[in-house]
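An overview of the molecular structure
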Amino acid sequence: SKFKTKDYFEYRVCPVCEDKKYADLFSADDGTYVKCMSCSMIYLNPVLNDFQLERYYTTNHPEQARSHPSEKDYYDRIYSMGLKSCMSIMNISSLLDVGCSDGAFLDLAHQSGIQTYGVEYNESEIELARSKSHSIWKGSVAAIPKNLSVDLITLWDVFEHIKDGFGFLTSLRTFLNPNGLFFLQIPNSSSLAAR
């Protein structure tokens, strides 16, 4: 019913350029994918509202964490490439991984002598990451201590889930050192994996 849909979902503007015009591409199990008519970003629309999204991620099965051990070589390769590209730009002594899952990327960064921090909704994944001695906060960006300051903030396959991309990055910017970096991995609809 309309009441039930309104309680769970909301329509949004493009998370990159905030344009309201989009074209439907296709529907899958997890929703309807649309393409921004201005910048070509592909995103889900409608999306779960903030309350339902937090509820979903907090209690969801730790699927990504479960896949990390069986796909360790793949994740190590991808994470290493990202970290090396950031380290080629600047010296990194600390980082914050947003949506850190079980801390697989943080493990790699820690091995490179980097102080690691993360924020995650999923309680099972938080326990796994904390068990590996990473500093993890539960919940949203609001859970991060205001005095945290890092050289690098990473979002691995997170940004496409954010409703207000500009606002989200602006709130994270307060934790970034003056010459710090953002690193975002975003799925590419033209990639071999997507096709």
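Scroll up to find the structure.
About the criteria used
Residues numbered from 1 in each chain as written. Predicted model: local features only at pLDDT ≥ 70, side-chain atom pairs only at ≥ 80, totals over all residues. Heavy atoms only, no water. Helix = DSSP H or I, 4+ residues; strand = E, 2+ residues; numbered from the N terminus. Buried < 20%, exposed > 50% of the residue type's maximum accessible area, 1.4 Å probe, protein only. Areas by Shrake-Rupley, 256 points an atom, 1.4 Å probe, with all protein chains shown as cover. Phe/Tyr/Trp six-rings, centres within 6.5 Å; stacked < 30°, edge-to-face > 60°. Pairing = 2+ DSSP bridges. Axes fitted to C-alpha atoms, helices over the stretch in contact; angles between N-to-C directions. Contact = heavy atoms within 4.5 Å.

1. What to know about the overall build of the protein chain
Of regular secondary structure, the protein chain possesses seven helices and 10 strands. Taken over 195 residues, the protein chain has a buried fraction of 41%. When the accessible surface of the protein chain is split by element, carbon and sulfur atoms take 54% of a total near 11,500 Å².

2. Digging into the packing of aromatic side chains
With the rule as written, the count across this model stands at eight aromatic pairs. Here the aromatic rings of tyrosine 79 and tryptophan 156 are separated by 4.8 Å at their centres, their planes lie at 70°, and the arrangement is edge-to-face. Residue tyrosine 79 is found in helix α4 (residues 72-87), and its partner tryptophan 156 is found in strand β9 (residues 150-156); the two are separated by 77 residues along the sequence. Tryptophan 156 carries the same exposure label as tyrosine 79, and that label is buried.

3. Some thoughts on the sheet that holds strand β4 (residues 42-44)
Ordered by their spatial adjacency, three strands build an open sheet running β2-β3-β4, and the pairing between neighbours is antiparallel. Across the chains shown, the open sheet's two edge strands, defined by having one partner strand only, are β2 (22-28) and β4. Within the sheet, the average angular offset between the axes of one strand and its neighbour, ignoring direction, is 30°.

4. Focus on the sheet that holds β9
Strands pair in a sheet through their backbones, by hydrogen bonds, and they do so in one of two ways: parallel or antiparallel. Spatially, the five strands line up as an open sheet ordered β8-β7-β6-β9-β10, and their pairing is parallel. On the outer flanks of this sheet lie β8 (135-138) and β10 (176-185), each paired with one strand and no other. On average, adjacent strands in this sheet sit at an angle of 20° to one another, irrespective of strand direction. Of the strand pairs in this sheet, strand β6 (residues 94-98) and β9 are connected by four bridges, and their pairing is parallel. Within the sheet, the bridge partner assigned to aspartate 97 lies in β9 and is threonine 154. Most of the contacts of helix α7 (residues 165-173) go to β10, to which it runs at about 140°, and overall it touches β6, β9 and β10.

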